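Inside the fold
The primary structure of each chain is shown beneath.
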Amino acid sequence: MKIDEEIPKEHSAHIEHAVDTTVSTKDALQASTDEHGATVGEALRHNYKAVLWSAAISLSIIMEGYDVALIYQFFTYPAFQQKFGSYRAEQGDYVVSGPWQAGLSNGANVGIVIGGFMNGYLSTRFGYKKVLLAALFFMNWFIFILFFAPSAPVLLVGQILCGLTWGIFATSSPAYASEVCPLALRGYLTCYVNLCWAMGQFIASGALYGLLKIESEWSYRIAYALQWIWPLPLFLLIAFAPESPWWLARNNRIDDAYKSLARLDTRGRESHQRTLAQITHTLELESKLESGSSYLDCFRGIDRRRTEIVCMSFAGQVLSGSAFAYTPTYFFVQAGISTKNAYQITVGGTAISFVGTIISWFLLTRFGRRQLYVAGIACLTCFLLVIGTTAAASESSSAKWGQAALCLVWLFTYSVTLGPVTYTIISETSSIHLRAKSVCLSRNVYNITNIVAQVVEPYLINPTEANLKGKTAFVWAATAAVTTIWAFFRLPECRGRTYDELDVMFHRKVPTRKFATYQVNAHSEDALETEGVVDNHGDKKD
């Protein structure tokens, strides 16, 4: 992908003219009007390069989805159990103990938390592109530790170090997608991040199923070695990607922001000037609102509510029962299903997740973020209750297969609703000044919640611990119910809103249920006033 046009010296004044308030406001308003009026087809025609670059960078998420799926499914993998587990006479087989299951699964999460917090500073300082390239470089070397690990402690170190890079991938991709794609495509490209996660899970499940026939250590070592496929091609691809024009504008690199826009769409110089005026207007608006750029600023003023929304939305993915039902291979085996059948079901489940995410693209435009999230988490709560009830009522073979089928129904529902829409919510709800840190913070709340879940889950389900089997679903049904209540009362609808409109709406403290119908002109002189604006139902906001 090449730059469509360079900035001639004689036109440099056209960029600097954005300083003029009247012209800048007019251009920003026109850019906002054009963005609201663009259809999906029109946005694709003019912004196909932005779509391709965003999709390419999001491919880094495949590596995180792949390895996270590996470690969870390795706990039932015969060769892995023999290498890193211990023999249990009561089971007549090798078993990775509950503490080591928790340690190995959470090692990556600890690294992801650290990497996420680091990325909040690094991407703000150096930009998304440079940080991603550095992460891919180190990732290539950290895989050697996983491949050659002679013991569980060394494997744990490898998981933590790889987690540092996955934390960067997981937080950079949705933030980049939300900044380079126009309003009409924002939901699709942020949801695509979840599709990449599902692709990684699917590849991992398929690889592990294919390697089951190998009885030596090479069965799991080959699975780790497959990760070397990704870093080099992605490094070469991202090296040519344009930086986010929002990041460039935040750092006063206006000429570079113009060049970046020229590589992201095909609409021409005048359109790029209007887009830059809109970016500048949004950044100036946030400056007036005293929106800072540190982690502490995420918890101050109007940004406190936005931080609550992104953090709780992401934590809801774990609280919905994902530790139990999203990668249920270990649960299937403990429920009495053979290892071969358990992996076959898991491969099918990851395919369901992939298809579900694609379906969510069509639902996202029709129903919006709030409806999908609230309806999704409510349904997941009900499914978990049914799974737990089935497990408590019978331990017959038909009951076990019934629980497996319900887990797949849970997975499909999650993949159509909660899973992908969360990435859209966390990408568009935060302010531009705090975008990188807000996404990193929300992802780390998810990771910390996941660490707790991965400590609790092995003890609940492991035959050497609580041995609850399917009744573990009751525990997650309770956390999912709490998340449902929160989402119903606190999660607003941000569909169809530009970033400056969201800034004004959060500043005016618009009630959650009025977000979808609220009328606001972010470019008017009284945009930051908190009185006199009505929604489409005629209710006045005081």
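Residues numbered from 1 in each chain as written. Predicted model: local features only at pLDDT ≥ 70, side-chain atom pairs only at ≥ 80, totals over all residues. Heavy atoms only, no water.

Looking at an unreviewed UniProt entry, one finds the chain named General substrate transporter and attributed to Aspergillus bertholletiae. Regarding the chain, the UniProt comment filed under Subcellular location (unreviewed entry) reads as follows: "Membrane". Per its UniProt entry, the chain bears the Sequence similarities (unreviewed entry) comment "Belongs to the major facilitator superfamily. Sugar transporter (TC 2.A.1.1) family." (UniProt positions renumbered as here; feature names shortened; annotations may be inferred.)

**Side note on the packing of aromatic side chains**
If you walk through the whole model with that rule in mind, you get 20 aromatic pairs. A ring pair is formed by tyrosine 128 and tyrosine 176, whose centres lie 6.3 Å apart and whose planes are at 85°; its orientation type is edge-to-face. You can see tyrosine 128 sitting in helix H7 (residues 128-148) and its partner tyrosine 176 sitting in helix H8 (residues 152-180), a full 48 residues away along the chain. Since its relative accessible area comes to 1%, tyrosine 128 is described here as buried. With a centroid separation of 4.8 Å and an interplanar angle of 85°, the aromatic rings of phenylalanine 147 and phenylalanine 148 are classed as edge-to-face. Its relative accessible area of 48% is what places phenylalanine 148 among the partly exposed residues. Ring pairing ties together the aromatic residues Trp141, Phe144, Phe147, Phe148, Trp218 and Trp228, which thus form one cluster. Above the face of the phenylalanine 488 ring, arginine 370 is positioned so that its terminal group lies 5.6 Å from the ring centre. Its end group placed over the ring of tyrosine 295, lysine 437 keeps NZ or CZ at 5.9 Å from the ring centre. (Phe/Tyr/Trp six-rings, centres within 6.5 Å; stacked < 30°, edge-to-face > 60°. Helix = DSSP H or I, 4+ residues; strand = E, 2+ residues; numbered from the N terminus. Buried < 20%, exposed > 50% of the residue type's maximum accessible area, 1.4 Å probe, protein only. Lys NZ or Arg CZ within 6 Å of the ring centre and 35° of its normal.)

**Side note on helix H21 (residues 473-490)**
A rise of 1.5 Å per residue sets the reference length of H21, with its 18 residues, at 26 Å; its end C-alpha atoms lie 25 Å apart and thus fit the reference within 8%. Inspection of H21 places Ala473, Trp476, Ala477, Ala480, Thr483, Thr484, Trp486 and Ala487 among the buried residues, and these make up the whole buried set. (Expected span 1.5 Å × (residues − 1).)

**Observations regarding the nonpolar core**
Counting residues in hydrophobic clusters, the biggest one holds 135 residues, and the most contacted among them are Phe74, Phe80 and Tyr224. The element that contributes the greatest number of residues to this core is helix H9 (residues 183-211), accounting for 13 residues. Beyond its immediate stretch of four places on either side in the chain, phenylalanine 74 contacts Phe80, Gln81, Leu208, Tyr220, Ala223, Tyr224 and Tyr343. (Core = buried A, V, L, I, M, F, W, Y, C linked by side-chain atoms within 4.5 Å. Contact = heavy atoms within 4.5 Å.)

**Quick word on the packing of helix H14 (residues 269-288) against helix H22 (residues 499-507)**
For the pair H14 and H22, the least separation of the axes is 9 Å and the interaxial angle reads 20°. In this view, H14 runs roughly parallel relative to H22, as classed from their interaxial angle. Note on packing geometry: the crossing formed by H14 with H22 is left-handed. Two secondary-structure elements touch here, H14 through His281, Thr282, Leu285 and Glu286 and H22 through Tyr499, Asp500, Asp503 and Val504. Counted by class, the contact of H14 with H22 contains three nonpolar, two polar and three charged residues. (Axes fitted to C-alpha atoms, helices over the stretch in contact; angles between N-to-C directions. Parallel < 35°, antiparallel > 145°, perpendicular 65-115°, else oblique. Left-handed = near helix turned anticlockwise from the far one by under 90°. Nonpolar A, V, L, I, M, F, W, Y, C, P; charged D, E, K, R; others polar.)

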